[in-house]
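Each chain, written out:
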Amino acid sequence: MMDQPLLISELIRHAERYHADTEIVSRLPDAGGAIHRSNWGEVARRSRQVANALSALGLGPQAMVGTLAWNTHRHLELYYGVSGSQRVLHTINPRLFPEQICWIINHAEDAVVFFDVTFASLVDGLVAGGCPTVKHWVALTSADKLPAMKHVQPLAYEELVSAASADYSWPSFDEREAGSLCYTSGTTGNPKGVLYSHRSTVLHAYGTCMPDVMGLSARDVVLPVVPMFHVNAWGIPYSAAAIGAKLVMPGAGLDGPSLYELFESEKVSFSAGVPTVWLGLLQHLQKNNLHFSRPWNSIVGGSACPPALMRAYRDGYGVKIRHAWGMSEMSPLGTVCTLKEKHLKLSAEEQFAIELKQGRPVFGVDMRIVDQNGQPLPHDGKAFGDLQVRGPWVVQRYFKLDKDPLQDGWFPTGDVGTIDPDGYLQITDRSKDVIKSGGEWISSIDLENVAVAHPAVQEAAVIGVHHPKWDERPLLVVVRKPGAELGAAELIAHFEGKIAKWWTPDDVVFVEEIPHTATGKISKLQLRQQYKDYQLPTA
Ligand code: ADP
């Protein structure tokens, strides 16, 4: 068989040859969200111009190129122009603290950073904070729209691209070379970098397109709400090129009204995002009595999706939200929840109970659960233990860190869960978040799911707080829906019959807001700090 390397440039080459006129639609962050229309042919041509422009800026192979950017056609051009030309695309999460961003840029040694104009003041601060390796800052706009900045005179992306020739041959090299870099959000300690290879990226793209994974095809219109700075938008920029799907890029408009408008105007058939995004869209739908003219499917991941949210989309809007689980260290896809043939005879509610789990592993990912001594536990759907994974798109070692994170060749995910005999994974917690009550474990996710199913609850988080007898007991922190009335006793009563009695939260606190991390997850770390001296009524 031919020994042809699996390179990211092969994806764009394919999309250009066979899907050139398939549209790439973007909301422009530098034009107030105005719609821009491009296609795979144009994206391919401009990504070759990007490759030449990077050479003109003096960047050699393996040079690091940072981006602080929304999902747009320009960011897509960088995905291919940078990685395809043997440089490394480093996507940076703009929601991190500026000090963290500065640390990441310095650690990665980015030579150039491309940024959307909405991040101009952030970039000004970064330059003032000191990013000595960055030689050029490039604003993703045209010269006439360059933002006025105090500490740096940025280049204009459109000028850079149009000055470069589109005549460029994608180089061939070892598929094990790095193509892109992402840092985990680093809720504890410094962020850690995961360096994806061309090989892992292309294999992951094949994996994600499969029917029981994202099931993407050339008939799909795909709207990735998950940002391209969050684990490569779960690989969608690559898988969409592999199968020639139309892409709809939401730019900075991730709120309910902006998303709804795009779903309708572009007839979106597939989307992907974290639960908070689907919650925002749902509130907009309910408030304005709206519906979709084309049914769509979605995967939801990043944190556990409350059953109430999945049910609301299924029953009210005919939208199928499939649960998926993964992490930066896994490129990110690990499992997706779809049924097996034998489940088709079950009732709708029995099927739904399965669909609430995080799902079965994609071919390319193997998983197991182990006890505290690293001994494998049975896949019986009851035993819960530390989840470990392995496969060709799972991290082997963090970028520039010597310590080997693997245990017996498996990567410890830091998640705790069960695996049932059919291979379905259910995450019960992050290992840091499980509540250890009297030597037994209580799942905070299960309790949160019950809480958010109450009609007056907008958001809920459960943390373990110190208890003199039980070591830890669950405390429920709740944001009420606007205008809703709800007391602690009523909410506690709502748990009755839904969980083991001894799991019932010991107390409830109502707050205006729950803190979130840069990737939109509930920050349990901050909550635990906030309530570390909390006196439970049961203590
Ligand atoms: P980080 O937030 O650490 O930077 P990721 O964004 O890669 O990293 O998040 C990975 C973690 O998110 C997983 O280890 C898991 O704890 C959580 N997670 C992801 N998907 C799900 C899901 N469907 N259900 C529950 N937890 C999830």
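Source: prediction; values computed, not measured.

Quick look at the sheet that holds strand β19 (residues 411-419) now. Read from one edge to the other, the open sheet built from 4 strands follows the order β17-β18-β19-β20, with strand pairing classed as antiparallel. The open sheet is flanked by β17 (366-370) and β20 (425-430), the only strands paired with a single partner. Ignoring strand direction, the axes of neighbouring strands in this sheet form an average angle of 50°. Note: β17 against strand β18 (residues 385-390), 5 bridges, orientation antiparallel. Its bridge partner lying in β18, Asp 366 is registered against Arg 390.

Now for the domain arrangement of the chain. Interface size is commonly expressed as the accessible surface area that is lost when the partners come together. Domains assigned within the chain are domain 1 (8-273) and domain 2 (437-530). Relative to domain 2, the C-alpha centre of domain 1 lies at a distance of 37 Å. Contacts between the two partners involve 7 residues from domain 1, matched on the other side by 4 residues from domain 2. When domain 1 packs against domain 2, the two sides together hide about 480 Å² of surface, and 69% of this comes from carbon and sulfur. Along the contact surface separating domain 1 from domain 2 lie 1 residue pair in polar contact (both at pLDDT 80 or more). Tallied by class, the residues present in the side of domain 1 that touches domain 2 amount to 1 nonpolar, 5 polar and 1 charged.

Let's shift gears to the pairing of strand β10 (residues 221-224). The side chains of a regular strand alternate between both faces of the sheet. Of the two faces of β10, both are covered, the one formed by Val 221 and Leu 223 as well as the one formed by Val 222 and Pro 224. Where β10 meets strand β11 (residues 246-249), 2 bridges bridge the pair, whose relative direction is parallel. Its bridge partner being in β11, Val 221 is matched across the sheet by Lys 246. When β10 meets strand β12 (residues 270-273), the two strands line up parallel, connected through 3 bridges. Looking at the pairing, Val 222 lines up with Phe 270 of β12.

Our next topic: the packing of helix α7 (residues 198-209) against helix α9 (residues 236-243). For any two helices packed against each other, the geometry is given by the interaxial angle and the distance between the axes. As a packed pair, α7 and α9 sit with axes 9 Å apart at the nearest point and diverge in direction by 70°. The orientation of α7 with respect to α9, classified from their angle, is roughly perpendicular. Between α7 and α9, the contacting residues are Thr 201, Ala 205, Thr 208 and Cys 209 on the first element and Tyr 238, Ser 239 and Ile 243 on the second. Of the residues belonging to the contact of α7 with α9, the class tally is 4 nonpolar, 3 polar and no charged.

Turning to the side chain of Thr 413, a few remarks are in order. Along the polypeptide, Thr 413 turns up in strand β19. Reaching out from Thr 413, the side chain makes a polar contact with the backbone oxygen of Leu 387 at a distance of 2.7 Å. Once residues lying within four places of it in the same chain are set aside, the contact partners of Thr 413 are Trp 325, Met 327, Leu 387, Gln 388, Val 389 and Arg 430.

Moving on to the packing of aromatic side chains. Centre-to-centre distance and the angle between the planes together describe a pair of aromatic rings. Within the structure shown, the criterion is met by 21 aromatic pairs. Ring centres 4.4 Å apart and planes at 40° place the aromatic pair Phe 263 and Trp 296 in the tilted group. In this pair, Phe 263 sits in helix α10 (residues 256-266) while Trp 296 sits in the loop between α11 (275-288) and β13 (297-300), placing the two residues 33 residues apart along the sequence. Relative accessible area serves as the criterion here: at 2%, Phe 263 is assigned to the buried category. Judged by its relative accessible area of 1%, Trp 296 falls in the buried class. Among the aromatic residues, ring-to-ring pairing joins Tyr 260, Phe 263, Trp 278, Phe 292, Trp 296, Tyr 313 and Tyr 317 into one connected group. Directly above the ring of Tyr 398 sits Lys 192, whose terminal nitrogen or CZ lies 5.1 Å from the centroid.

Next up on the list: the site of the ligand. Surrounding the ligand, one finds 18 residues, the nearest of these being Ala 324, Ser 328, Asp 415, Arg 430 and Lys 521. A distance of 3.3 Å is found between a nitrogen atom of the ligand and a backbone nitrogen or oxygen belonging to Ala 304. In the model, an oxygen atom of the ligand is placed 2.5 Å from a nitrogen or oxygen of the Ser 328 main chain. When the free accessible area of the ligand is taken as 570 Å², the share hidden by the protein chains comes to 90%. Ranked by residues supplied to the shell around the ligand, first place goes to strand β14 (residues 320-326) with 4 residues. Of the residues in the shell around the ligand, the class split is 4 nonpolar, 11 polar and 3 charged.

This next bit is on the nonpolar core. Grouped together as the largest cluster of nonpolar side chains are 108 residues, with contacts concentrated most on Trp 40, Tyr 80, Phe 114, Trp 278, Leu 281 and Tyr 313. Residue contributions to this core peak at 7 residues, all from helix α2 (residues 40-56). Among the nonpolar cores identified, the runner-up in size contains 31 residues, and Ile 92, Ile 101, Ile 105 and Phe 399 belong to it.

Across 4 bridges, β18 lies against β19 in antiparallel orientation. The partner of Gly 385 across the bridge, within β19, is Gly 417.

Okay, the UniProt feature "domain: AMP-binding enzyme C-terminal" (unreviewed entry) in the chain next. The feature "domain: AMP-binding enzyme C-terminal" (unreviewed entry), as annotated in UniProt, sits at residues 447-521 in this numbering. Counting secondary structure, residues 447-521 comes out at 16% helix and 33% strand; the distance between its end C-alpha atoms is 16 Å.

Now for α2. For an α-helix, 3.6 residues make a turn, and residues three or four places apart therefore share a direction. Taking 1.5 Å of rise per residue, 17 residues should cover 24 Å, and α2 covers 24 Å from first to last C-alpha, within 8% of that figure. Trp 40, Gly 41, Val 43, Ala 44, Arg 46, Ser 47, Arg 48, Gln 49, Val 50, Ala 51, Ala 53 and Leu 54 are the residues of α2 that are buried. N-cap assignment for α2: the residue whose side-chain oxygen lies 3.1 Å from the backbone N of Gly 41 is Asn 39. One or two positions beyond α2, positive phi appears at Gly 58, with a value near 90°.

Moving on: the environment of Val 450. As for its position among the elements, Val 450 is in helix α14 (residues 444-452). Sequence separation between Val 450 and Lys 498 is 48 residues; the distance between their C-alpha atoms is 7.4 Å. With residues up to four places along the chain from it excluded, the contact list for Val 450 reads His 494, Phe 495, Lys 498 and Ile 499.

Before going further, it helps to examine the sheet that holds β10. Backbone-to-backbone hydrogen bonds pair the strands of a sheet. The strands run either parallel or antiparallel. Pairing within the open sheet is mixed, and its 9 strands lie in the order β2-β1-β11-β10-β12-β13-β14-β15-β16. Strands at the two margins of the open sheet, each flanked by one partner only, are β2 (34-39) and β16 (360-361). Relative to strand β15 (residues 333-336), β14 runs antiparallel, the two sharing 3 bridges. Across the sheet, Ala 324 pairs through a bridge with Val 336, a residue of β15. Strands β1 (23-28), β2 and β11 of the sheet are contacted by helix α3 (residues 73-84), whose axis makes an angle of about 120° with β1.

Thresholds, definitions, all that
- Residues numbered from 1 in each chain as written.
- Predicted model: local features only at pLDDT ≥ 70, side-chain atom pairs only at ≥ 80, totals over all residues.
- Heavy atoms only, no water.
- Pairing = 2+ DSSP bridges.
- Helix = DSSP H or I, 4+ residues; strand = E, 2+ residues; numbered from the N terminus.
- Axes fitted to C-alpha atoms, helices over the stretch in contact; angles between N-to-C directions.
- Domains from an automatic or database assignment.
- Contact = heavy atoms within 4.5 Å.
- Buried area = accessible area lost by both parts, 1.4 Å probe.
- Polar contact = N/O pair within 3.5 Å; in protein donor to acceptor, adjacent residues only side chain to side chain.
- Nonpolar A, V, L, I, M, F, W, Y, C, P; charged D, E, K, R; others polar.
- Buried < 20%, exposed > 50% of the residue type's maximum accessible area, 1.4 Å probe, protein only.
- Parallel < 35°, antiparallel > 145°, perpendicular 65-115°, else oblique.
- Phe/Tyr/Trp six-rings, centres within 6.5 Å; stacked < 30°, edge-to-face > 60°.
- Lys NZ or Arg CZ within 6 Å of the ring centre and 35° of its normal.
- Near = heavy atom within 4 Å.
- Areas by Shrake-Rupley, 256 points an atom, 1.4 Å probe, with all protein chains shown as cover.
- Core = buried A, V, L, I, M, F, W, Y, C linked by side-chain atoms within 4.5 Å.
- UniProt positions renumbered as here; feature names shortened; annotations may be inferred.
- Expected span 1.5 Å × (residues − 1).

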